[in-house]
Amino acid sequence: MTTIHQNPSPVPAADEGKSFFGHPRMLFNLFSVELWERFSFYGMQGILAYYMYFSVADGGLGIDQGLALSLVGAYGGSVYLSTILTAWIADRLIGAERTLFHSAVLVMIGHIALAVLPGAAGLAVGLVCVAVGSGGVKAAAGSLVGTLYTREDPRRDAGFSIFYMGVNIGGLIGPLLSGLLQDRIGFHWGFGAAAVGMVIGLVVYTRGRRRLPDSAHAVVNPLPAALRRRYGFGALAAVVLISGLFATGVLTAANLATVIAGVVIVAAVVYFVVLLTSPKVDRDERSRVVAFIPLFIASTAFFALFQQQFTFIAVYSEQRLDRSIFGWEMPASWVQSINPLFIILFAAVFAALWTTMGDRQPSTPLKFGGALVVIGIAYLLFIPLESLERTPLLALGGILLLVTWAELLISPIGLSVATKLAPVAFTTQMLALFYLSIALGTTLAGILAGFYTAGQEVAYFITLGGVCVVLGVALAVASPKLVKLMRGVR
């Protein structure tokens, strides 16, 4: 639910004559904070599941593996849920710039807690801080990039491309360093590296934040002062309620992922009902909202498999993968860097392909359907590897290449199509719906991974891969009708 600034202020005079690859100098600061936040986020997440289910003797917490994976999924889903909350805070309370700064500080605190606090206390404090903080960075950073350009500036798209490259660079190097430190020294050193990365990002950003244009500091839809106390009491009541549910045993680590999934489903249903029944939505807009429902389901199914890179694939890499390279054993967490590497290599290829095809490129429903088919096939390709004692690293790399191609068919255009299909009065809510699909899929990635058992894998792969292929084919078959419902949007 990133705020979209339609008429940002021009770059301040302090940046005149200075640039970052021909772009406003402040883009470097935002690029840096995003790179280092993603470095810390993916570095931590690359070793998180291992920290939970490894035995105490091996430096972990000794949590049951299935429970550990469900908690990883619940944590990931919480990041996207917090994106919706923190975007509201940016829009209505403190603005995008302060949201980004305070969120980055919270991320840093979370990684420090994971690095220095022992046991379950450090895990709980660290994950809550990182989940809320990362959601805030995600909600605010892209919005701030938009303030650096006027709407007509021809550099705008290229600026976002440079910015998002920071995501993949951070995602590439984070697991490499944190994983190496965890493997050679210990988990808390890996979490410490994530904390240091976030400190670097904060220092770079803080030195340049004053150069952001005025629109970066603006609160676009201020909450009236008379309502602030009411919302404050509501937030306090929510915290007390959640704490009480944990204290009384109603909400536990064992059912947390299921509860989060339920909350997301209820929120999504409420959003759709509001959009479909509002008198502010005309007939064509209502038709587009109906067309978005199967895309929401497709996005959820996709991310339920894609986000298993941090759950099932993390376990598979540690237990079944042959990680020997010329006699040296690669840390299992390094597998998490394969996808960002492929994204860096192929994102421009896909972008060029769509540009070349122009109006002849597949419609959005066809792209979504193709993504489901490709990621489904990727999971089915695990089946012939089941008979091997150890899976070759090259084979898993090939599977993750398919996963990356599937991602490029759905992820870059998800927010875009949400804004195109959104009713004029409910653009933010439609963006929230897309984030909810990611939150639900990520949570399901943890729940589903709990059914994976090494040595009894075929049913797991057939079920997940087969369901995705069927859903993808069904979406492709229905695409002509969906395009018609989209009323001019492709």
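Residues numbered from 1 in each chain as written. Predicted model: local features only at pLDDT ≥ 70, side-chain atom pairs only at ≥ 80, totals over all residues. Heavy atoms only, no water.

**Section: the overall build of the protein chain**
Part 1: Secondary structure assignment for the protein chain yields 14 helices and 6 strands.
Part 2: Relative to the globule expectation of 23 Å for 490 residues, the C-alpha radius of gyration of the protein chain, 22 Å, shows essentially globular dimensions.
Part 3: Across the 490 residues of the protein chain, 52% fall into the buried class.
Part 4: Look at the contacts in the protein chain between residues 6 or more apart in sequence, and 82% of them connect residues 24 or more apart.
Part 5: Only carbon and sulfur atoms are counted for the fraction: they give 68% of the accessible area of the protein chain, which is about 20,700 Å². (Helix = DSSP H or I, 4+ residues; strand = E, 2+ residues; numbered from the N terminus. Rg over C-alpha atoms; globule rule 2.2 N^0.38 Å. Buried < 20%, exposed > 50% of the residue type's maximum accessible area, 1.4 Å probe, protein only. Contact = heavy atoms within 4.5 Å. Areas by Shrake-Rupley, 256 points an atom, 1.4 Å probe, with all protein chains shown as cover.)

**Details of unusual backbone geometry**
Part 1: One non-glycine residue, phenylalanine 326, lies in the positive phi region at around 50 degrees.
Part 2: Take phenylalanine 326: it is sitting in the loop between strand E4 (324–325) and strand E5 (328–329).

**Overview of the packing of aromatic side chains**
Part 1: Per the counting criterion, the structure on display carries 32 aromatic pairs.
Part 2: An angle of 90 degrees between the planes, with centres 6.0 Å apart, marks the rings of phenylalanine 303 and phenylalanine 306 as edge-to-face. Of this pair, phenylalanine 303 and phenylalanine 306 both sit in helix H8 (residues 283–306), 3 residues apart, which is roughly one turn of the helix.
Part 3: A relative accessible area of 5% places phenylalanine 303 in the buried class. (Phe/Tyr/Trp six-rings, centres within 6.5 Å; stacked < 30°, edge-to-face > 60°.)

**A look at the environment of arginine 211**
Part 1: Its location among the elements puts arginine 211 in the loop between helix H5 (187–208) and helix H6 (225–247).
Part 2: Residue arginine 211 is classed as buried on the basis of its relative accessible area of 9%.
Part 3: Considered as a pair, arginine 211 and methionine 26 are 185 residues apart in the sequence and their alpha carbons are 6.7 Å apart.

**Quick word on the pattern of salt bridges**
Part 1: Inspection of every chain in the model, using the stated rule, returns 4 salt bridges.
Part 2: The closest approach of N and O atoms between glutamate 457 and arginine 320, which form a salt bridge, is 2.6 Å. One end of the pair, glutamate 457, is in the loop between helix H13 (427–449) and helix H14 (458–485); the other, arginine 320, is in the loop between helix H9 (312–319) and strand E3 (321–322), with 137 residues separating them in the sequence. Per residue, the accessibility class of glutamate 457 equals that of arginine 320, and both read buried. (Salt bridge = Lys/Arg side-chain N within 4 Å of Asp/Glu carboxyl O.)

**A word on the environment of phenylalanine 292**
Part 1: In this structure, phenylalanine 292 sits in helix H8.
Part 2: According to the relative accessible area criterion, phenylalanine 292 is buried, its value standing at 1%.

**A closer look at helix H2 (residues 65–116)**
Part 1: Helix length check: H2 (52 residues) gives 23 Å between terminal C-alpha atoms against 76 Å at 1.5 Å per residue, more than 12% under.
Part 2: Considering bend angle alone, the principal kink of H2 is centred on isoleucine 94 and spans about 120 degrees.
Part 3: By the N-cap criterion, in which a side-chain oxygen at the helix start approaches the backbone nitrogen of a residue two or three places on, H2 is capped by aspartate 64, the distance to glycine 66 being 3.1 Å. (Expected span 1.5 Å × (residues − 1). Bend = angle between axes of the 7 residues up to and from the residue. Polar contact = N/O pair within 3.5 Å; in protein donor to acceptor, adjacent residues only side chain to side chain.)

**Considering the nonpolar core**
Part 1: By size, the foremost hydrophobic cluster in this structure holds 108 residues, and its most contacted members are Phe292 and Phe312.
Part 2: Setting aside residues up to four positions removed in sequence, phenylalanine 312 forms contacts with Tyr379, Phe382, Ala449, Tyr452, Tyr460 and Phe461. (Core = buried A, V, L, I, M, F, W, Y, C linked by side-chain atoms within 4.5 Å.)

**Regarding the side chain of serine 178**
Part 1: Its location among the elements puts serine 178 in helix H4 (residues 156–184).
Part 2: You can call serine 178 buried: its relative accessible area is 0%.
Part 3: Every residue in contact with serine 178, bar those within four places of it in the chain, is listed here: Gly43, Met44, Ile47, Gly190, Ala193 and Ala194.

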